Amino acid sequence: MTFFAENIAACPDCDLLQRIPALGAGAQARCPRCGRIVASGKADAQNRTLALAAAAAIVLVLANVTPLMGLSAVGRHSSTTILGGVLKMWREGQEITALLVALCSMIAPTLHIAFTLIVLLAVRKPPAPRWVGALLRFAELSRPWAMVEVMMLGILVALVKIADLATVIPGIGMFAVGALIMLLAAMTVSFDPREVWARISWMDGPPLPAATAADGSERKDAADQTEPTALRQGLVVCSACGLLTRSAGRDDPGSCPRCGEALAFRRHGAIQRTWALLIAAAICYVPANLLPVMNTAMPGYAEADTIMSGVILLYESGSWPLALIVFVASVVIPLAKIIALAYLLATVQFRRIAGRAERIRLYRLIEVVGRWSMLDVFVVTFVVALVQLQPFMSVEPGAGVVFFAAVVVLTMLAAETFDPRLIWDENKNEEDS
Ligand SMILES: [Zn+2]
Ligand SMILES: [Zn+2]
């Protein structure tokens, strides 16, 4: 039996089944158990997002072709674009770091904006073909890797670091990056994927009215269980399009009738994969902090800076707020993220029930702040790209930066593979008794 209902949703964070009320513009529906926003009413979502995405596309081009900043010292000038920073890192033998910087500063924002534009144009005449759903999925997957705001802070820290040595002139590119941050944030706020999915044609034919079936099954189970979750009802949420359907079976839930994605009650191997990624991140954290991330060379003088000595240098040069920001982003956040995820995994494995609301808040915090640890990778990239005044002075990336980048990527992937619904799942024995 196919079951689906547009007005019933399972919370993505705790799996609780709930009816989504009709929402006016600006209204939000929160999960009563864990507090996650499960739906929000958005006025004219598609046209607004389309306008913002079109503006973002123009600004993105500007941000990429115009210089971010220029530097002049002892009668020499140099300037860099985003691509210039990437190419410099590549030529210095930091290919992996260069690719990561390219991904977070150029590729992911470009894909996100381009896919969002295509999707919004394609769904103007519903039903849109199914490939639109696949593009929407890619648009959402590329969003967390678009770290334009982290890059901006990285550029600012790089400017302060260089300001002692030379005169730095902010370029047009920097203002374009600032505008791009605003536009990307506005796109995220105004976009409504539920509305877009509703306009995409289904894999298994058109939807059937199922409101009565949904009402009946929910009422029946709500009576004998205080907290009806999708899992207990044999319902499953599609990880791609968010559709709630009745699963084909306990062991194999089948595939999503709307978008065709393979369904799973919980992310496959969530615990094992997250542990593996976390252990790898913890191993990389050691060389990331011990090896130098930046080597400065001047005639008769050479210096190798680790992350920590870079922080101290910033502090001594009088910019203690920036020193604090770099310290928190580079040293505290990665370590806190590894410890917090290990704690969440351990409590899930020991089936702890106490403190669930606190643990889900901890998980959300990890997801939000994790990206900021990319900061130092951007700082190194732009300092290296700009300070090339041979033979007077030059800066090269150190071996530590690739380990540092690895820590950021591994912890981001670990947060993504972890399934927050595991925190809320009941003990199996408890359920039987
Ligand atoms: Zn919830
Ligand atoms: Zn689906």
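Residues numbered from 1 in each chain as written. Chains lettered and ligands numbered in written order. Predicted model: local features only at pLDDT ≥ 70, side-chain atom pairs only at ≥ 80, totals over all residues. Heavy atoms only, no water.

A.B. asks: Whenever I open this one, the coordination of the zinc ion (ligand 2) confuses me. Can you help?
C.D. replies: Each pair of donors in an ideal octahedron of six around a metal sits at 90 or 180 degrees, and each pair in an ideal tetrahedron of four sits at 109.5 degrees. Within the protein, the atoms that donate to the zinc ion (ligand 2) are Cys238 (SG), Cys241 (SG), Cys256 (SG) and Cys259 (SG), at distances of 2.2 to 2.4 Å. Note that the zinc ion (ligand 2) binds four donor atoms; their angles at the metal cover 101 to 113°, and the shape is tetrahedral. All donor residues of the zinc ion (ligand 2) come from one chain, and their arrangement in sequence is C-x2-C-x14-C-x2-C. (Donors = N, O, S within 2.8 Å, 3.2 Å for Na, K, Ca; no water. Tetrahedral: all angles 85-135°; square planar, octahedral: opposite > 155°, others 65-115°.)

A.B. asks: Would you explain the pattern of salt bridges in this entry?
C.D. replies: Close approach of charged atoms allows side chains with opposite charge to pair. The tally for this structure, following the rule as stated, stands at nine salt bridges. Note that Glu261 and Arg137 form a salt bridge whose closest N and O atoms lie 3.9 Å from each other. Taken as a pair, Glu261 in the loop between strand 9 (244-246) and helix 9 (270-290) and Arg137 in helix 4 (residues 131-142) lie far apart in primary sequence, 124 residues in all. The exposure class assigned to Glu261 is partly exposed, which follows from its relative accessible area of 28%. (Salt bridge = Lys/Arg side-chain N within 4 Å of Asp/Glu carboxyl O. Helix = DSSP H or I, 4+ residues; strand = E, 2+ residues; numbered from the N terminus. Buried < 20%, exposed > 50% of the residue type's maximum accessible area, 1.4 Å probe, protein only.)

A.B. asks: Honestly, the sheet that holds strand 6 (residues 76-80) in this entry has me stumped. Any pointers?
C.D. replies: Backbone hydrogen bonds hold the strands of a sheet together, and the pairing may be parallel or antiparallel. Overall, antiparallel pairing links the three strands, which are arranged 6-5-7 in an open sheet. Sheet topology places strand 6 and strand 7 (167-170) at the edges, where each strand pairs with a single neighbour. Averaged over all neighbouring strand pairs, the angle between strand axes comes to 20°, with direction disregarded. In the sheet, strand 5 (residues 69-73) pairs with strand 7 via four bridges, with the strands oriented antiparallel. (Pairing = 2+ DSSP bridges. Axes fitted to C-alpha atoms, helices over the stretch in contact; angles between N-to-C directions.)

A.B. asks: Which parts of the structure should I look at to understand the coordination of the zinc ion (ligand 1)?
C.D. replies: Within the first shell, the zinc ion (ligand 1) binds the protein through Cys11 (SG), Cys14 (SG), Cys31 (SG) and Cys34 (SG), at distances of 2.2 to 2.4 Å. Considering all four donor atoms around the zinc ion (ligand 1), the spread of angles at the metal, 100 to 114°, places the coordination shape in the tetrahedral class. Of note, the donors binding the zinc ion (ligand 1) are all from one chain and are spaced C-x2-C-x16-C-x2-C. An identical accessibility class is assigned to Cys11 and Cys14; each is buried.

A.B. asks: Is there a simple way to explain the pairing of strand 11 (residues 301-305) in this structure?
C.D. replies: One face of the sheet, then the other: side chains in a regular strand alternate in exactly this way. Pairing of strand 10 (residues 294-298) with strand 11 involves five bridges; the strand directions are antiparallel. Of the residues in strand 11, the one forming a bridge with Thr296 is Glu303. The hairpin formed by strand 10 and strand 11 contains two residues between the paired strands, and Gly300 there has a positive phi angle of roughly 70°.

A.B. asks: Any chance you could explain helix 9 here in plain terms?
C.D. replies: What sets the pattern is the α-helix's 3.6 residues per turn: residues three or four places apart point alike. Its 21 residues give helix 9 an end-to-end C-alpha distance of 31 Å, which sits within 8% of 30 Å, the value for a rise of 1.5 Å per residue. By the burial criterion, the buried members of helix 9 are Ala270, Ile271, Thr274, Leu277, Leu278, Ala281, Cys284, Tyr285, Ala288 and Asn289. On its buried side, helix 9 packs onto helix 10 (307-316), helix 11 (320-349) and helix 14 (400-417). (Expected span 1.5 Å × (residues − 1). Contact = heavy atoms within 4.5 Å.)

A.B. asks: Explain the nonpolar core to me, please; I cannot follow it from the model alone.
C.D. replies: The nonpolar side chains of soluble globular proteins are, as a tendency, buried together. Residues Met374 and Phe378 are the most contacted members of the largest nonpolar core, which totals 130 residues. Ranked by residue count, the leading element in this core is helix 3 (residues 95-122), at 12 residues. The residue makeup of this core includes at least three contributed by each of domain 1 (1-41 + 208-267) and domain 2 (45-198 + 269-417). When neighbours within four sequence positions are excluded, Phe378 is seen to be in contact with Val101, Cys104, Ser105, Met147, Val150, Met151 and Gly154. Listed in part, the seven residues of the second largest apolar core include Ala10, Leu17, Ala230 and Val237. (Core = buried A, V, L, I, M, F, W, Y, C linked by side-chain atoms within 4.5 Å. Domains from an automatic or database assignment.)

A.B. asks: Help me understand the environment of Ala51 in this model?
C.D. replies: Residue placement: Ala51 occurs in helix 1 (residues 45-65). Linking Ala51 and Leu183, residues 132 residues apart in sequence, is a C-alpha distance of 9.9 Å.

A.B. asks: Sorry if this is basic, but what is going on with the domain arrangement of the chain here?
C.D. replies: It is common to give the size of an interface as the accessible area lost on bringing the parts into contact. When the domains of the chain are assigned, the result is domain 1 (1-41 + 208-267) and domain 2 (45-198 + 269-417). Its C-alpha centre places domain 1 at a distance of 34 Å from the equivalent point of domain 2. Listed per partner, the contact involves 15 residues of domain 1 and 14 residues of domain 2. Carbon and sulfur atoms make up 40% of the surface buried where domain 1 meets domain 2, a total of about 1200 Å² over both sides. Counting the surface domain 1 buries against domain 2, the share from its top three residues, Asp13, Arg258 and Arg267, is 42%. Where domain 1 packs against domain 2, one counts two salt bridges. In this structure, Arg364 engages Asp13 in a salt bridge whose closest nitrogen and oxygen atoms are separated by 2.9 Å. Tallied by class, residues from the side of domain 1 that touches domain 2 come to six nonpolar, three polar and six charged. (Buried area = accessible area lost by both parts, 1.4 Å probe. Nonpolar A, V, L, I, M, F, W, Y, C, P; charged D, E, K, R; others polar.)

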